[in-house]
Amino acid sequence: MVTIPTRKTKIPNILGDWDDVRFFLAVAKTGSFSAAATQLNTKQTTVGRRIQALERRLGAKLFDRHRHGMEVTPAARGVLVQAESMMSNATAIERHLAGLDREMAGIVRIAATEGIAAHWLVPRLGVLRRTHPDIIVQVIAGDQVLDLATRQADLAIRFFRPTSNQLVAARVGQVNMSIFAAPSYIEHYGLPQKLEDMREHHVVDHTTLHSLPAMKPWSEVVERSTSVVLRTNSSYAAMEAVQTGYGISVFPDYIAKSSNLVAAPIDLKIVRDIWLVSHEETNKGARIRTVIDYVREQFRKDEREWFSTTPRSRSGGNSSIVAA
């Protein structure tokens, strides 16, 4: 009697690429393809294509489009919790492996504000590049707070101390915020000498600052102003506007080192701490630890000149800030 072996039934891979779950969650959390693309550091078209492919494989519509963005459909809402659990487990494994990584090669992602990234961080990465040529630093510039737990970044330079007990934070300096104007603006409109003078000046409003409690004095200046000439969510765009004489705005004192902008002799009483933040599970990996130590050393070298609120001398109303 011939025994016919039982054929094993192949379990269909309905999900396909499990990475598609990451795209699904990003859209669900941000409410749009474009915001998800920014979070995932990819293109909006790529997000749309991955979602459409996942919908075809599942045979179900995952999102409904509304005026205010994308909403998870009732059918997809049932798998949202399981998808979040999958990603949580996947990122936990990734964090654990990153913490054990002894390779001195690969990508290390640093999240920083546009100002810190452009004016200070990037110009100081040259030595790191020469000493560790196989480490590729990816600088993610912007005001968004990236999630270190899901490895959107490996370390972050932030102006606030994190509350999560899984994040390791080291205070690496302070910055004072001042009102700045370009020489061309001062030539036409003068430089405000006291807070009351701001009512008469053209203001460039960096809108994302208003969400920060420490920036309340500046928010009040903007609210009282009768001449807000530009609003932008980009610190870089605000800087460019002020440099061309469009108006005046608030920036950290260190921008005087890389521009010809002039600080007004007005004390806004805005001092912000700078924190270097990493995740306790990933910051032991060799290349991540190397970059953390390198960036921290750069802060140590520049603390007095760049990141100290030691009183600075101002010689007259039309002079730049002089570092102590």
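Not measured: the values here are computed from a predicted model. What you see as residue numbers is a count from 1 along each chain, following the sequence as written. Totals for whole chains, interfaces and linings use all residues, but because this is a predicted model, local features are given only for residues with pLDDT of at least 70 and pairs of side-chain atoms are given and counted only at 80 or more. The side-chain figures draw on all heavy atoms in the structure; neither hydrogens nor water molecules are used.

## Structural notes on the pattern of salt bridges
Close approach of charged atoms allows side chains with opposite charge to pair.
No. 1: A pairing counts as a salt bridge when a side-chain nitrogen of Lys or Arg comes within 4 Å of a carboxyl oxygen of Asp or Glu. Tallying each qualifying case throughout the model produces 12 salt bridges.
No. 2: As a salt-bridge pair, Arg124 and Asp302 come within 2.5 Å of each other at their nearest N and O atoms. Taken together, the residues Arg124 in the loop between helix H5 (114–121) and helix H6 (126–131) and Asp302 in helix H10 (residues 286–306) connect sequence positions 178 residues apart. Taken as a pair, Arg124 and Asp302 share a single burial class, namely buried.
No. 3: Put simply, Asp154 and Arg151 hold a salt bridge, and the shortest N to O gap is 2.5 Å.
No. 4: On the basis of relative accessibility, which here comes to 0%, the residue Asp154 falls in the buried class.
No. 5: What emerges from the salt-bridge pattern is a single network uniting Asp20, Arg50 and Arg57. Each helix is a run of DSSP H or I of at least 4 residues and each strand a run of E of at least 2, with the numbering of both proceeding from the N terminus. For each residue, the accessible area found with a 1.4 Å probe, counting protein chains only, is set against the maximum for its type, and the residue is called buried under 20%, exposed over 50%, and partly exposed in between.

## Here's the deal with the confidence of the model for the protein
No. 1: On a range of 0 to 100, pLDDT expresses the predictor's confidence in each residue. In this model, the protein carries an average pLDDT of 84, and 85% of its residues clear a pLDDT of 70 or more.
No. 2: By the convention used here, residues are in contact when the closest approach between their heavy atoms is within 4.5 Å. In this model residues 8–15 is a low-confidence stretch, pLDDT under 50, and it forms nine contacts with partners more than four residues away in sequence or in other chains.
No. 3: Segment residues 311–324 is flagged for pLDDT under 50; beyond a separation of four residues in sequence, or across chains, it makes 35 contacts in the model.

## Let's talk about the environment of Ala37
No. 1: When you line up the elements, Ala37 lands in helix H2 (residues 33–40).
No. 2: Between the C-alpha atom of Ala37 and that of Gly48, which follows or precedes it by 11 residues, the distance is 9.2 Å.
No. 3: Beyond its immediate chain neighbours, meaning those up to four positions away, Ala37 contacts Thr42, Lys43, Gln44 and Val47.

## Regarding the nonpolar core
No. 1: We call a set of buried Ala, Val, Leu, Ile, Met, Phe, Trp, Tyr and Cys residues a nonpolar core when their side-chain atoms join them within 4.5 Å. Among the nonpolar cores identified, the biggest contains 38 residues, and Ile157, Val295 and Phe307 are the most heavily contacted of them.
No. 2: For this core, the element with the most residues is H10, which contributes seven residues.
No. 3: Discounting residues that sit within four places of it in the chain, Val295 has contacts with Ile110, Trp120, Leu121, Ile157 and Leu276.
No. 4: Ranked by size, the runner-up nonpolar core spans 21 residues in total, among them Val21, Ile51, Ala83 and Met87.

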